[in-house]
Amino acid sequence: MYRNHFKIALRFFLKNKLFTSINILGLSIGVTAFILITQYVHFESNYDRHQNRIEDLYRVTLTSNLGEKGFVTLATNHPAVGYVMKRDFPEVEGYTRLMDKSHMWGSFVLSYTNEHGDLVKSNVVDDKLFIADSTTLDLFDVPLLSGNAKTALNEPLSMVLSEKVAQRYFGDQDPLGKRLRINDGEDAFKVTGVFAELPENTHLKFDMLASFSTLGQWTNETWIWPDFYNYVRLKPGTDPVVVESKFPAFVNTYLSDIMQEHGFEAKFGLQPVREIHLKSHHRNEIAANADEKMLNFLWIIALFIIVIAQINFINLSTAKSTERAMEVGLKKVVGIKRSALIQQFLFESLLINLMGTLIAIGLIAFLAGPFNDMVGLEVLSLELWLQPKIWVQLLILMLFGGLLAGVYPAFVLSGFKPVEVLKGRFHQSGKGALLRKGLVITQFAISLVLIAGTYIVHSQFSFMQDQDLGYDVEHNLVINAPMVVDSTIADKMEVFKDELRRNPKINFVTLTDEVPGKKIGDDNMARQSHELKEAGVSCDFLRIDHDFLDTYGLELLAGRNFRKEDRTSYGSNPEKDAGKTHRILINRAASQVLGFQNPEDAIHKKVTFPMFNAVDRVTEVIGVVENYHQQSLQADYYPTLFLNPDFYDATYLTINMNTSGLQGTLGDIGEKFEKFFPRDPFNYFFLEEHFNQQYKADAKFGQICLLFSGLAIFIAVLGLFGLGSYLALKKTKELCVRKVLGANTVQVLVLIPKSLLSLVLISGVVALPITYFLASEWLSNYAFKVSMNPLMFLVPLLLVMVVAALSILPESIKVALLNPSKYLRDE
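Report on the accompanying structure. Every value quoted in this text rests on a predicted model; they were computed, and no experiment measured them.

A count of helical and extended segments in the chain gives 28 helices and 24 strands. The proportion of buried residues among the 827 residues of the chain is 53%. Sequence separation of 24 or more characterises 81% of the internal contacts of the chain that already satisfy a separation of 6 or more.

Structure follows, in structure tokens:
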């Protein structure tokens, strides 16, 4: 029986090549897009799922009040938290703590003296190094390729490396027992283990771990240093809500005195590690996380694309039902049952879906590399085809699509009455035509939502990139400041800056501990000195020098800039500060939250904040700086206090320069840097590129949306082309009669496009309000956003109308130019 079904199907496919090709092409593109999107979404949704007992692993967050700005949640907490929880909470099975190296060394230089006495140093400054408890390897399932995981991080000054870092320093030598120095310090870290590269889909990626015990035992009881990531593993079956219910009493026991002293309130929370990548956007995140809303939107795109492809099949199958009416009538007359006819048509549907799926497999294999490059992740590899679930997914798509798209046409075609058909009195039902119109409207409504949504995403992305950031971003080169330093570094740096300024292409040079492009790491509570501690508001603290405003081209709203003589230790060296006033600059946002009426009102006012062992420092405001974008435009301006310390605490050196003759200027800067700081690598980046790295995820999302929205509209247009071709064929006689009766070519030409494009216009009425609602929700995540206007909705609609019209036009022209006398002479 199935052999006969196959013969009939093959005969029909060969006779109707255009119909078959459109369906197979649409389905293959639909399945390809669906698999690519779902694989990417699956990759992003399964961060950290490879870890053992991930359901019992939690991060302990810290939520603190920020005065008028309410509460903010940090991904970090105090170093004592994990240690004390293990001691006080019977539900806690284990814990670990990690701290980013920036809180100890800023950027850092690793060096190694080999057996020949040669110094080996790395030019890589973005290696991820954390100070970590010895339990980290166990809690996060990091198996060692060499070394003992249980003891590798027990001793002070011990370190484990990734295989990549070990190879960089030691080549093929055994790294165990070798020692690495950080910033050429006196103490060297002993390599006690090497681990394989971590999976890409983990929120906690590191290249090196240094032993937590290096900090000393005092950290186990420290509650005034909230820069540590604390993780706990609960005992199997423990309800995290029970543990969280104990936090208020726990916080009161250990933090009540500190909260009262500094006028803030703290709350702890348990955050499942498996939810961090998609659902966590706290301050001090280890890395930028994905957006669950965006992934859900991609899921919707994937479903929309496969639905559009199946709608094409249903539309074209029902449209061609009249051509198969005679076939069905004859088969029924000779005794073939309706069930057999249904089987025949379902078999054809499944066969088309099978061919589309096979082509899709080839397309997925071909596009794996380009797709990985686009998303910046190794989402697709040869291992994909070794996973049973991918074949199950393809099988389900084929069967579900074949049956779903084939059921309606099968029942419509098999339901024809043979007597009516053979007498020539068969007419398609109005219901069938109505269904086709409804499906076309659905297709293009979906396509319009995707196209208009992508257009708005692109508009927002362009808006953020084109906005004035409030400082000179185009002419600033940033160098990683020297980390191998001694007591002469401050004086040496001033001489180095003067030496750089001798180059006529260089305008200004400044030292800072952060540059625009990420969140400032140092923050604390500040208040006007006459206010109670409870009135404190959270502010960022940026360490700069007196050249900062000129280098970045920042606007001074009131007061004056720093001078060299304004530098103090801010209380870290009382003898050196004797008789000096601690002076600060603040930005407009800080002026507002601190309660000053206007920038001028802030000048010479006293502001107090804790520094160095949480001791309050009273400072004088000498200037107010206009707000500028430290982070992407997704974040609002944040209150910032600028300090001018007399001690060296720089991470970056920013050079404002004329960019003409760039290579020569870079060569001069590099030569002078190596002369002054021979033990530090010369690493630089351009500020504009660095800042735009924040938009990498937005750009990737926009590219994905654009690509797959384009595929969705292509599939929809493909179906419209097939439907237009069919209608042109069916209406040929009618159009010829109209020409005989006096209709001109233009009137005949627009008849078919008019009937179909009206459906596209209706789809716009349906889609655009939906798009407006979805876009408003998405844009609400941005502090600075593009204003929506009618063009954002009319341009996509016009684009879709034009593309749809072009897809129908060729067949319409062909019919309109027919000679009616030749066509009608046989009638």
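So much for the structure itself; the text now carries on.
A separate point is the packing of helix H16 (residues 489-501) against helix H21 (residues 662-676). For the pair H16 and H21, interaxial distance at closest approach is 11 Å and the crossing angle is 160°. Here H16 is positioned roughly antiparallel relative to H21, judged by the angle of their axes. Between H16 and H21 the crossing geometry is right-handed. Where H16 approaches H21, its residues Lys492, Val495, Phe496, Glu499 and Leu500 are matched on the opposing element by Ile669, Lys672, Phe673 and Phe676. Partitioning the contact of H16 with H21 into residue classes produces six nonpolar, no polar and three charged.

A grouping of Ile762, Val766, Ile770, Phe773 and Leu774 is seen on the molecular surface, where their side chains present a nonpolar patch of about 440 Å² in accessible area. With respect to the helices, strands and loops of the structure, Val766 is situated in helix H26 (residues 751-779). Given a relative accessible area of 41%, Val766 falls into the partly exposed group.

Quick look at the sheet that holds strand E23 (residues 652-657) now. One open sheet holds the four strands; their spatial order is E15-E23-E14-E24, and the pairing between them is antiparallel. Whereas interior strands pair on both sides, the edge strands pair on one side only; in this sheet they are strand E15 (506-512) and strand E24 (684-686). On average, each strand axis in the sheet is inclined to that of its neighbour by 25°, with strand direction left out of account. Where E15 and E23 come together, six bridges link them in antiparallel fashion. Considered in E23, the bridge of Thr510 is made with Thr654. Its contacts with the sheet place H16 against E15 and E23, and it is angled at close to 155° to E15. Contacts between H21 and the sheet are confined to strand E14 (476-480), E15, E23 and E24, with E14 contributing the most and set at about 25° to the helix.

If you look at the biggest cluster of nonpolar residues, it comprises 136 residues, and the most contacted ones within it are Leu298, Phe444, Ile586 and Leu641. Tallying contributions element by element places helix H2 (residues 17-45) first for this core, with 14 residues. Ignoring any residue separated from it by four or fewer positions in sequence, one finds Leu298 in contact with Ile37, Tyr40, Val41, Phe701, Ile704 and Cys705. Residues Tyr95, Leu234, Ile258 and Met259 belong to the second largest nonpolar core, which totals 25 residues.

Of all nine residues in strand E3 (residues 92-100), seven are buried, a share of seventy percent or more. Examined bridge by bridge, E3 and strand E12 (residues 229-234) share six bridges and lie antiparallel to one another. Within E12, the residue paired with Arg97 across the bridge is Asn230. Judged from the three bridges that link them, E3 and strand E6 (residues 129-132) form a sheet pairing that is antiparallel. Directly across from Met99, in E6, lies its bridge partner Ile131.

Let's shift gears to the pattern of salt bridges. If you walk through the whole model with that rule in mind, you get 29 salt bridges. The salt bridge partner of Asp547 is Lys497, with a shortest N-O separation of 2.9 Å. With Asp547 in the loop between strand E17 (537-543) and helix H17 (548-552) and Lys497 in helix H16, this pair connects stretches of sequence that are 50 residues apart. This pair shows no difference in class: Asp547 is buried, exactly as Lys497 is.

So, how was this worked out
- Residues numbered from 1 in each chain as written.
- Predicted model: local features only at pLDDT ≥ 70, side-chain atom pairs only at ≥ 80, totals over all residues.
- Heavy atoms only, no water.
- Helix = DSSP H or I, 4+ residues; strand = E, 2+ residues; numbered from the N terminus.
- Buried < 20%, exposed > 50% of the residue type's maximum accessible area, 1.4 Å probe, protein only.
- Contact = heavy atoms within 4.5 Å.
- Axes fitted to C-alpha atoms, helices over the stretch in contact; angles between N-to-C directions.
- Parallel < 35°, antiparallel > 145°, perpendicular 65-115°, else oblique.
- Left-handed = near helix turned anticlockwise from the far one by under 90°.
- Nonpolar A, V, L, I, M, F, W, Y, C, P; charged D, E, K, R; others polar.
- Patch = residues over 30% accessible without salt bridge, like charges linked within 9 Å, V, L, I, M, F, W, Y side chains within 5 Å.
- Areas by Shrake-Rupley, 256 points an atom, 1.4 Å probe, with all protein chains shown as cover.
- Salt bridge = Lys/Arg side-chain N within 4 Å of Asp/Glu carboxyl O.
- Pairing = 2+ DSSP bridges.
- Core = buried A, V, L, I, M, F, W, Y, C linked by side-chain atoms within 4.5 Å.

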